[in-house]
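This is what each chain is made of:
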Amino acid sequence: TEEVSTCKDDVVIQLKGLHLDKKDLFGKSDPFLMFYRVNEDFSHTLVHKTEVVKNTLNPTWQPFSMSVRQLCNGDYDRSVKVECYDWDSDGGHDFIGEFSTNLRELLQSGQCSRNFELINPKKKAKKKNYKDSGEIQVISCKIQPQYSFLDFIKGGMQMNFTVAIDFTASNGNPTQSTSLHFMNPYQPNQYATAIQAVGEIIQDYDSDKMFPVLGFGARIDGSGAALHEFAVNFNPSNPYCQGVGGILQAYHAALPRVQLYGPTNFAPVINHVRRFAQACQDGSHYFVLLILTDGIITDMPQTIDAIVEASFLPMSIIIVGVGDAEFDAMDELDADDHMLRSPVSGKCAERDIVQFVPFRDLVRGQPGADINMSKMTLAKEVLAEIPDQVVLYMKKRNIQPKSVASVPAASAVLPPPQ
């Protein structure tokens, strides 16, 4: 065993081969490189394999990146062995040569274009005048600092939390105990529990703790058409509520005034938050939309299109399914296996930004005494992907935390030899 370094940096490397040995009878060579980390017990662990460059003795491989921990366990002076092979379709790749180096040498070589000689020990033992089997030139080698979710929070990034509540008729009459919106005096309903569970976590990352709360799928005061994007506090110019308590207060006060209607359209509330994210793409704010719903989406093409557009912005969407309806469509939106593609524009999502959790999977018929445990489990499930989604957005935009953006990153400077 050995201690794992806490280094979070990546190293980006590009290499070129020069006058490599010819291995193919009717051609040149099809070279590729294999990188090995040398372990404490002098064993070798394969950490990277380049692509094959066909029919050349002077290949240039594509740049590649890996974590410094993976390459050398964060130790810039740890030996790294590089082997060069000629690819063969039958898997019997021909050995061309090898060299040993370390990350410190690779970084220095990237600044002065140093070449490493490829040595084939068998050839060297047989041939008196053997010099090498080619050379490997370091075109570039640089450290790319990697930042965590907490780095961005410490740098002043604000989390903006918006709640969207489903007021469609499929929830049932709020005055009846069978309704998902029923106000049980002894324990909160699933909507209130989800608001508390997620809100109590996210509000700690929001400095002013003012949260816009939207409703959809209802008629207001029993008149007009159904609305799919309205302020739950009925103040469209200021839909903000103070903290989780303010969200719950507005939700409870709205129930007597709304007529549950339909259909269940998600796109309007997604596009509402997306407009704010569109106006703030510099990394200073990140927007999280929590949608609480009981039913099947009726505007699926528009919803997918809105999510795809939002995937290019500093925004994530959490969907909590309440009740016992079928939520197959939600699993489609939670694109863990493949990126969403808009049926409207044909555009593919840049990131997976949707996390769906069915509330019933967390409750599983638990008695009311266990509601706090359900809240903890729900918070853990729905917030599991947010930090990585934030970091991925920042990485794709090359945004650094503000506290380190103004000064050279310490990890970009070579550490002293150990």
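An unreviewed UniProt entry lists the protein under the name C2 domain-containing protein, with Candidula unifasciata given as the organism. According to the UniProt record, the Sequence similarities (unreviewed entry) comment for the protein reads "Belongs to the copine family."

1. Some points on the overall build of the protein
For the protein, the helix and strand inventory stands at 13 helices and 18 strands. Taken over C-alpha atoms, the radius of gyration comes to 28 Å for the protein, far larger than the 22 Å a tight globule of 418 residues would show. For the protein, the C-alpha atoms occupy an extent of roughly 95 × 45 × 40 Å along the three principal directions. Across the 418 residues that make up the protein, the buried fraction comes to 51%. Put simply, 73% of the contacts in the protein that link residues at least 6 apart link residues at least 24 apart.

2. Focus: the nonpolar core
Within the largest apolar cluster, 52 residues are counted, with the highest numbers of intra-cluster contacts made by Met-157, Ile-165, Phe-167, Leu-292, Ile-318 and Val-320. With residues near it in sequence (within four places) discarded, Ile-318 still touches Val-198, Val-288, Leu-289, Leu-290, Ile-291, Gln-355, Val-382, Leu-383 and Ile-386.

3. Focus on the sheet that holds strand 12 (residues 223-227)
Pairing between the strands of a sheet comes from backbone hydrogen bonds, and it takes one of two forms, parallel or antiparallel. Overall, antiparallel pairing links the three strands, which are arranged 12-11-15 in an open sheet. Strands at the two margins of the open sheet, each flanked by one partner only, are strand 12 and strand 15 (258-260). For this sheet, the mean angle separating the axes of adjacent strands, direction not counted, is 30 degrees. The pairing of strand 11 (residues 218-220) with strand 12 spans two bridges and is antiparallel. Following the sheet pairing, Ala-218 is matched in strand 12 by Leu-227.

About the criteria used
- Residues numbered from 1 in each chain as written.
- Predicted model: local features only at pLDDT ≥ 70, side-chain atom pairs only at ≥ 80, totals over all residues.
- Heavy atoms only, no water.
- UniProt positions renumbered as here; feature names shortened; annotations may be inferred.
- Helix = DSSP H or I, 4+ residues; strand = E, 2+ residues; numbered from the N terminus.
- Rg over C-alpha atoms; globule rule 2.2 N^0.38 Å.
- Buried < 20%, exposed > 50% of the residue type's maximum accessible area, 1.4 Å probe, protein only.
- Contact = heavy atoms within 4.5 Å.
- Core = buried A, V, L, I, M, F, W, Y, C linked by side-chain atoms within 4.5 Å.
- Pairing = 2+ DSSP bridges.
- Axes fitted to C-alpha atoms, helices over the stretch in contact; angles between N-to-C directions.

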